[in-house]
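Summary of the model geometry
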Amino acid sequence: MVASRAPTTTPAAAADGGIEENAMAILDSSGIKDSRDLHDDRAAFLEAVRSACLAADNPSAPSWRMYDGVFQVLRNSRSLELAVASFHLLMDLGKQYPRTYLTDSDGHQSLVVVKESWLPFLIGNGSLSSEIGGNARISDHLFDPSRFSLLIEAMVERTNPTDDNNGIKAIENMMLFQYLVNTLEADFVPRHIAYKQSLDWVIFRESLLNMLLGSRKLVFKSFVKNCMYLLLNQFHPEAKDAVEGSIPSEGEAKSASDMHSSLNYFLLESERTLVSLRKLFVMVMELDLIRKEVDTLGLTSRADGFRNPITEVILEELTYNISYLSPFLLAFMERKWKLNIILQYFSKYCAKGAVRTRRSDSSQQDLKLGSVLSFFLTTTSAKAIVKKMGTEVAQLLLAHAYQVCLSVQSDSSDSTATTEKIGASLQEISCNFIYAFQNLRKVGLNIQISPFEKEALFTAATLSRKLKNEER
């Protein structure tokens, strides 16, 4: 997403009002017209919006009602072709006419939020266009925090993708979720850039993500647990990396519809939903980190409310459901935050820091991977930790932490924060990783080592020898 791009036209320059009238007629005609006629009318409406707002020589921004009409088609598509076409159109409109963006002025980037722009969310007081005029019927399809949480619950429920109706509804829900996360991201990214320059908490206080998660209509702990369960259900290790960041084309949808291959498309959308889930987790973690910073500086107030950081909820769930630990670490691949979760898991058992207050600076108390490995360098200390957390859990966490180290070594882009969390050279980490497993083996003579852990050990031994030889 290009955070600094301004819209090419203003919302005031709306497209032909005739498209709006057609939209309202189409959306109000369900149950009256033949289903095939209704499908054709909606497809024609989507094409008309695309032509007027994206493909014309002088495109104009869609009006509130046009935008809303496209969204309603996605919510009630009833066909794979319409679902993909409306989803694709919404994504393209969001890129062409961003609601939140940055502008350059005298070498300084300023945040611009077009508050009157259409939104799929119904949050707070300023989220709706004045076009709604208090009409509940016009807004009853938008997503308030409760409905967003219910969407996650609906996706968690097992569906039979071979049933045409259930399969299309499941795909529709996944596309809705992807679009909603994309909307949150499009608002979050430019705010993040602006915050880094100004350190103004108000920028994030007014973000869609903060208002959504801070609402009393959303039970945050249950929401995170459902997201975790969905993440574990959606993850397929054999999936291709090419799915990452891809958007389905309308041609794909027509082909899938014609060949009745909605099952394959269901699996493809599952992988794309997994990508969106990771994005959502990372955004919430970033927001929590910023909230922690401004809390320390005393820049928040009671009006900002309070909720537990997402990592605390994740750790609690992984602690009480050990069977979730391995699949979660495989599915959640964002190395900075993955390492952070692993270190926080160890911190529950390895060391007892000072009591933290709401505004205490805990940066000196955070564990680094080098420090964690030092706890396993003697059989006595290793035995004490294993007694609390179990040998299998310790091995698994160490192996995944070492994997993060290797990925940072192979890709040094934007890895400063992760390198700081590692806290030692790759040679030191590799050697101590081997010593840790040797001592764990002494503590538990009958322990099993998984293929993943064996591979990590082999890599550590190979690298350790190589790095030592290079020093000579």
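Residues numbered from 1 in each chain as written. Predicted model: local features only at pLDDT ≥ 70, side-chain atom pairs only at ≥ 80, totals over all residues. Heavy atoms only, no water.

- The chain goes by Negative regulator of systemic acquired resistance SNI1 in an unreviewed UniProt entry, where it is assigned to Panicum virgatum.

**Quick word on empty space enclosed by the protein**
- Counted according to the given criterion, the structure contains one cavity of 30 Å³ or more.
- Forming the boundary of the largest cavity are L213, F220, F223, V224, C227, L277, L280, F281, V284 and I310.
- Of all the secondary-structure elements, those providing two or more residues to the lining of the largest cavity are α10 (220-234) and α12 (262-296).
- Partitioning the lining of the largest cavity into residue classes produces ten nonpolar, no polar and no charged. (1 Å grid on protein atoms, 1.4 Å probe; cavity = no way out; pocket = protein on both sides within 12 Å on 5 of 7 lines; lining within 4 Å. Points joined across faces, edges and corners; volume = space filled by probe spheres on them. Helix = DSSP H or I, 4+ residues; strand = E, 2+ residues; numbered from the N terminus. Nonpolar A, V, L, I, M, F, W, Y, C, P; charged D, E, K, R; others polar.)

**Regarding the packing of helix α3 (residues 64-75) against helix α4 (residues 80-96)**
- Close contact between α3 and α4 brings their axes to 8 Å; oriented N to C, the two are set at 145°. When you trace α3 past α4, the crossing you get is left-handed. Of the residues in α4, those touching α3 at Y67, V70, F71, V73 and L74 are L82, A83, S86, F87, L89, L90, L93 and G94.
- Classifying every residue of the contact of α3 with α4 gives eleven nonpolar, two polar and no charged. (Axes fitted to C-alpha atoms, helices over the stretch in contact; angles between N-to-C directions. Left-handed = near helix turned anticlockwise from the far one by under 90°. Contact = heavy atoms within 4.5 Å.)

**A look at the packing of aromatic side chains**
- Summed over all chains, the structure comprises 16 aromatic pairs.
- Their ring planes at 75° and their centres at 6.5 Å tell us that F281 and F328 sit as a pair that is edge-to-face. A residue pair is termed long-range when its members are at least 10 positions apart, and F281 in helix α12 and F328 in helix α14 (residues 325-331) qualify at 47 residues. By the burial criterion, F281 is buried, and F328 matches it.
- Centre to centre, the rings of Y402 and F433 are 4.7 Å apart; their planes meet at 5°, and the pair counts as stacked. Placement of Y402 in helix α18 (residues 391-410) and of F433 in helix α20 (residues 426-443) is noted, with a sequence separation of 31 residues between them. Per residue, the accessibility class of Y402 equals that of F433, and both read buried.
- What links up through ring pairs into an aromatic cluster is the set Y67, F71, W118, F143 and Y179.
- Against the face of F220 rests R307, its NZ or CZ located 4.5 Å from the ring centre. (Phe/Tyr/Trp six-rings, centres within 6.5 Å; stacked < 30°, edge-to-face > 60°. Buried < 20%, exposed > 50% of the residue type's maximum accessible area, 1.4 Å probe, protein only. Lys NZ or Arg CZ within 6 Å of the ring centre and 35° of its normal.)

**Points about α20**
- Along its 18 residues, α20 runs 26 Å from first to last C-alpha, staying within 8% of the 26 Å computed at 1.5 Å per residue.
- Among the residues of α20, those classed as buried are L426, Q427, I429, S430, C431, N432, F433, I434, A436, F437, N439 and L440.
- Against α16 (369-374), α17 (379-389), α18, α19 (416-422) and α21 (451-471) lie the buried residues of α20. (Expected span 1.5 Å × (residues − 1).)

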